[in-house]
Amino acid sequence: KDMIIANVYLDGELFDEAKEWFDVTPEGHFSIIPENPAFEAGLYTFDLKVTTYIAGKDSEKGLFKNALSLNVTSAPTKVQYAPESLKVEFNVAGQSASPMYKGSREGLKYEIKSVSPSNIGITVDPATGVLSFPKTDKVSIGDSFTVSLKVTNDFGSAEFDNVFTFEVIAFLDPITKFSYA
């Protein structure tokens, strides 16, 4: 008989690339392959497959769905916005997309560390990380505002400098010539 990892899920999403990060012996001893730079925090769920003479590797017999869960925790390790900047029309409000985040989500909170050159009312949603630029006439066309964040969770905090930039423009040209090929 043999035991193998059939599927790996990270935070509920199928993530079979992570199969190589773990090992299960034929006796069922589970281990994490050490010193893996790609390894990240999250809730890992494993489907295990026991193969025998009756239940081969391709058989559905011997498949144990959600056989094991592993909650890997860490302080925040990465915050990245895509795109990393937004052009905002003069005297018009704007909003970033939610950032890509790596680290444990328990107790996750975003806060503004700084805005360069100065904060003219830029805010961050503490739960989602969405940045908001206010409707204001206290800026000039061509001004840029670069945001740095402090992100905290139950396992620590980290600062992420210059993660997003708002650029004030006169007018955002609308798309006028658009067609499907």
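Everything discussed here concerns the structure shown above.
As a starting point, this report considers the structure included with it. (Residues numbered from 1 in each chain as written. Predicted model: local features only at pLDDT ≥ 70, side-chain atom pairs only at ≥ 80, totals over all residues. Heavy atoms only, no water.)

**Notes on the sheet that holds strand β13 (residues 131-133)**
(1) Moving on: Taken in spatial order, the three strands of this open sheet run β9-β13-β12, and their pairing is antiparallel. Each having just a single partner strand, β9 (94-95) and β12 (123-124) make up the two edges of the open sheet.
(2) Moving on: Pairing of β9 with β13, which is carried by two bridges, proceeds in the antiparallel orientation. Looking at the pairing, Q95 lines up with S132 of β13. (Pairing = 2+ DSSP bridges. Helix = DSSP H or I, 4+ residues; strand = E, 2+ residues; numbered from the N terminus.)

**Focus on the pattern of salt bridges**
(1) Moving on: Under the counting rule described, the total for this entry stands at five salt bridges.
(2) Moving on: The shortest N-O distance in the salt bridge between K102 and E40 comes to 3.4 Å. Placement of K102 in strand β10 (residues 100-102) and of E40 in the loop between β4 (30-32) and β5 (42-51) is noted, with a sequence separation of 62 residues between them.
(3) Moving on: Here E159 makes a salt bridge to K113, at a shortest N to O gap of 3.3 Å. Taken together, the residues span a long stretch of sequence, with E159 in strand β15 (residues 156-169) and K113 in strand β11 (residues 109-116) at a distance of 46 residues.
(4) Moving on: Each of the salt bridges in this network shares a partner with another, and the network as a whole consists of K113, E159 and D161. (Salt bridge = Lys/Arg side-chain N within 4 Å of Asp/Glu carboxyl O.)

**Topic: the nonpolar core**
(1) Moving on: By size, the foremost hydrophobic cluster in this structure holds 22 residues, and its most contacted members are V79, Y110, L131, F133, L149, V151 and F166.
(2) Moving on: Residue assignment for this core shows that the elements contributing at least two residues are β11, β13, β14 (144-153) and β15.
(3) Moving on: With sequence-adjacent residues up to four places away left out, F133 is seen in contact with V88, V92, A93, G94, I120, I122, V139, F145, F166 and V168. (Core = buried A, V, L, I, M, F, W, Y, C linked by side-chain atoms within 4.5 Å. Buried < 20%, exposed > 50% of the residue type's maximum accessible area, 1.4 Å probe, protein only. Contact = heavy atoms within 4.5 Å.)

**Side note on the environment of P34**
(1) Moving on: Mapped onto the elements, P34 comes out in the loop between β4 and β5.
(2) Moving on: Under the relative-accessibility criterion, P34 is labelled exposed at 64%.
(3) Moving on: Separated by 34 residues in sequence, P34 and L68 have C-alpha atoms that sit 19 Å apart.

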